[in-house]
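Breakdown of the fold
Spelled out, the chains give:
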Amino acid sequence: MVTELRFLARSAFLCNREFQRNFLLHKKDRRPAFLQNDSLPDPISYSDSSIIGGRNYYYKVAAYYKNESTTINGEASDVVLQVGTLKKVSLRVKNKKKSTASLSWKKADGAKKYQIYRATRKKGKYSKITTTKKLTYEDTSLSKNKTYYYKVRAYYVKAGKNIYGSYSNAKSIKITK
């Protein structure tokens, strides 16, 4: 998961391009990371690939100037809250047993449950068939020689509300057994 954040630099000395050289990023519960920029557009942007779905991350950035004898710290930006979103699930579907579609996927970081949807046409109406905590599901009692389409999405609950990831790409299976 990657999130891109934008900060507005508020420090008065930032108006002078000569001082726009170093920026200190503060991420809550992490060691500060330094961003080095020679020419910096306003606002500052930063990408973070270490966030996990369902967690809150707080960021702020401050400019500073340092030479051999002096460090001048600028005023920090407002705190930016980023809630990690869930990755799209990568779905696999097989027909291993009679009248059964076997679905599997890898865990999405931060997900607590998964919703499984089925349709009889790729662009048809998908109906939720179940919710599970597991990473596999077997859809039974399917008709032989018929094609079924499946989608899965991960979710977690925060403050009593379901927070959903994107649906997986639709996967089809023709029941031959």
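Adjacent strands of a sheet form backbone hydrogen bonds with each other and so pair up, either parallel or antiparallel. Taken together, 3 strands build an open sheet; the order of strands is E8-E9-E12 and the sheet is antiparallel. Unpaired on one side and paired on the other, strand E8 (91-94) and strand E12 (136-139) mark the two borders of the sheet. The average angle at which neighbouring strand axes cross in this sheet is 20°, direction not considered. Pairing of strand E9 (residues 101-105) with E12, which is carried by 4 bridges, proceeds in the antiparallel orientation. Looking across to E12, one finds that Leu103 is bridged to Tyr137.

Under the defined criterion, the tally for this structure stands at 3 aromatic pairs. Arranged with centres 5.4 Å apart and planes meeting at 45°, the rings of Tyr155 and Tyr164 form a pair that is tilted. What makes Tyr164 partly exposed here is its relative accessible area of 35%.

The next subject is the environment of Lys174. Along the chain, Lys174 falls in strand E15 (residues 171-174). Sequence spacing of Lys174 and Thr147 is 27 residues, and the spatial spacing of their C-alpha atoms is 4.1 Å. When near neighbours in sequence (up to four residues on either side) are disregarded, Lys174 contacts Asn95, Asn145, Lys146 and Thr147.

Moving on, we get to the pattern of salt bridges. Per the stated rule, a full pass over the model turns up 2 salt bridges. A salt bridge links Lys97 to Glu138, with the shortest nitrogen-to-oxygen separation between them at 3.2 Å. Of this pair, Lys97 sits in the loop between E8 and E9 while Glu138 is found in strand E12, placing the two residues 41 residues apart along the sequence. Close ionic contact of Arg118 with Asp139 constitutes a salt bridge, the shortest N to O distance being 2.5 Å. With a gap of 21 residues between them, Arg118 in strand E10 (residues 113-119) and Asp139 in strand E12 connect regions that are remote in the sequence. When its relative accessible area of 25% is taken as the criterion, Arg118 is described as partly exposed.

In terms of nonpolar packing, the biggest core is built from 19 residues, with Ala101, Leu103, Trp105, Tyr114, Tyr150 and Val152 touching the most fellow members. Counting residues per element, the ones that place at least two in this core are E8, E9, E10 and strand E13 (147-158). Take this core: its biggest share by element is 5 residues, from E13.

The rules behind each value
- Residues numbered from 1 in each chain as written.
- Predicted model: local features only at pLDDT ≥ 70, side-chain atom pairs only at ≥ 80, totals over all residues.
- Heavy atoms only, no water.
- Pairing = 2+ DSSP bridges.
- Helix = DSSP H or I, 4+ residues; strand = E, 2+ residues; numbered from the N terminus.
- Axes fitted to C-alpha atoms, helices over the stretch in contact; angles between N-to-C directions.
- Phe/Tyr/Trp six-rings, centres within 6.5 Å; stacked < 30°, edge-to-face > 60°.
- Buried < 20%, exposed > 50% of the residue type's maximum accessible area, 1.4 Å probe, protein only.
- Contact = heavy atoms within 4.5 Å.
- Salt bridge = Lys/Arg side-chain N within 4 Å of Asp/Glu carboxyl O.
- Core = buried A, V, L, I, M, F, W, Y, C linked by side-chain atoms within 4.5 Å.

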